[in-house]
Amino acid sequence: MILQTLAVLVLLNVCALGYLRLKRKTKSVIICVLGDIGRSPRMQNHGLSFSEAGYTVEFIGYRGTSPLPYVLERTRIHYLDKPASITRASQLSYLIQGIWRIVQQSITILRICISLDRPQAILVQNPPAIPTLFLFQLASLLTGSHLIIDWHNFGFSIMQLSRKGLIVTLAKKYEQFFGHTAFMHLTVTEAMKQELEQVWKVKGTVKVLYDQPPSHFKPLTPDEKAQFLSHIDWEGQELLMTDEKKDNVFVSNGKLDPNRPHLLISSTSWTEDEDFQILKNAMIKYDQLATSKVYMVITGKGPMKAGFMREISETRFTNVVFKTCFVPAEHYPRLVGCADLGVSLHTSSSGLDLPMKIVDLFGCGIPVCAIDFPCLKELVQHGSNGTVFKNADQLSTQLETLLSKEGKQQLSTYSKHILKEKKDWHSVWSKTFGN
């Protein structure tokens, strides 16, 4: 039954994509994001850069967070219905549900592709690898369009955080097979490039395209910070944006309060590749020794949020206040720009990707304390643009130092170095694509 289903799926693909090949090839690109397009900043950046290079950009992805206004203005978005979640039952049940989900996604994507002009290139985000790598390998073959795989991470490595055994082995084999050949492979780190070239031995050009902060991530003046912070309701656990402007713990008489608490930001996806226990334990230790108050704001949505915040509510703090929020995309850069320091808990399931949220912080000139993992040094240099920690004790010590009166100058030095090294996404993108 499974083989019959897959055979029918392949036949549908061949017929549909064969029809697409009959169309005239246009200067257009299809960008596939099997995720929330609004929460895929790198892919939105790709779309804008292709648009600036004169391409018609067709996005395919899930509806969720609204993309940035200029993405909506300059690209066309074709939304998919988000499929039902796969229940974590037996491996057989997981496999059957997964195949049915693939069939539904494939039919929907094919229907959209048939309605579009024949593209010069197809850009696919990976992960997720299933079914996009299979679908668009076939699309590239049958339409003659260049396939570009943008490797953000490895899908199987994320899967193995929650599942073990045969299903992960099959997922890895699938990813290696259908991700093996492309016109171009883009990676987010040099370490991932070496993995693809030396271990996976992929075919096609492999280039590193480091994430760069979009132009709207920039340093804020004291007045801009006061203006933004005065529109936040700081009373509840979940921060809320308000139309009313009023003084609060950070703002006094419309200006930044000189005696305000330190504002720390940790932008997360609340997933298993982020170590929240290190943050909790570090803040417990900091709370006992601190001479200044800290507001620890954790942004984002995800499965581990409720459990962690329940633990925090059961822990007594004197000098530390935890807040959570999920702000609209247009407000997020200003929230980041108001921080004194960022904290990154991303450890990478593969050890080969870098946290985009650190890039956002750097765009605003905000230093970071980041948990260490193998390729982090490609982004964070300890003692230059931030600090690197391995455990809660190290993070607590770093916070005590950097948030002290003496540490203010160190943060300023880090910030100056960050802004000096800052690069523009489109110029880096253009160089990578040879424009």
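Structure first, text after, so check above.
These numbers were taken from a predicted model, which means no experiment stands behind them.

*Asks:* Hey, could you run me through the overall build of the protein chain in this one?
*Replies:* Secondary structure assignment for the protein chain yields 16 helices and 17 strands. What you see for the protein chain is a C-alpha radius of gyration of 23 Å, in line with the 22 Å of a compact globule of 435 residues. For the protein chain, the spread of C-alpha atoms along the three principal axes comes to 70 × 50 × 45 Å. Counting all 435 residues of the protein chain, 54% fall into the buried class. Long-range contacts, defined as pairs at least 24 residues apart, comprise 71% of the intrachain contacts of the protein chain with a sequence gap of at least 6. Charge-centre separation for the protein chain: the mean point of 48 positive side chains lies 6 Å from the mean point of 39 negative side chains.

*Asks:* I keep staring at the pattern of salt bridges and nothing clicks. Help me out?
*Replies:* Oppositely charged side chains are able to pair whenever their charged atoms sit close together. Considering all chains together, one arrives at 10 salt bridges under this definition. Note that R74 and E52 form a salt bridge whose closest N and O atoms lie 3.8 Å from each other. On the criterion of sequence distance, the pair formed by R74 in helix 3 (residues 69–74) and E52 in helix 2 (residues 41–52) is long-range, its members being 22 residues apart. By relative accessible area, R74 is classed as partly exposed at 37%. Residue E52 is classed as partly exposed on the basis of its relative accessible area, which comes to 45%. Measuring nitrogen to oxygen at the nearest pair gives 3.2 Å for the salt bridge that ties E238 to K305. Of the two residues, E238 sits in the loop between strand 8 (232–233) and strand 9 (240–241) while K305 sits in helix 11 (residues 305–313), which places them 67 residues apart along the sequence. Taking the relative accessible area as the measure of exposure, K305 reaches 18% and is therefore buried. Among the ionic contacts, a cluster of salt bridges with common partners joins R42, D150 and D211.

Rules used in this analysis
- Residues numbered from 1 in each chain as written.
- Predicted model: local features only at pLDDT ≥ 70, side-chain atom pairs only at ≥ 80, totals over all residues.
- Heavy atoms only, no water.
- Helix = DSSP H or I, 4+ residues; strand = E, 2+ residues; numbered from the N terminus.
- Rg over C-alpha atoms; globule rule 2.2 N^0.38 Å.
- Buried < 20%, exposed > 50% of the residue type's maximum accessible area, 1.4 Å probe, protein only.
- Contact = heavy atoms within 4.5 Å.
- Lys, Arg positive; Asp, Glu negative; His and termini not counted.
- Charge placed at Lys NZ, Arg CZ, Asp CG, Glu CD.
- Salt bridge = Lys/Arg side-chain N within 4 Å of Asp/Glu carboxyl O.

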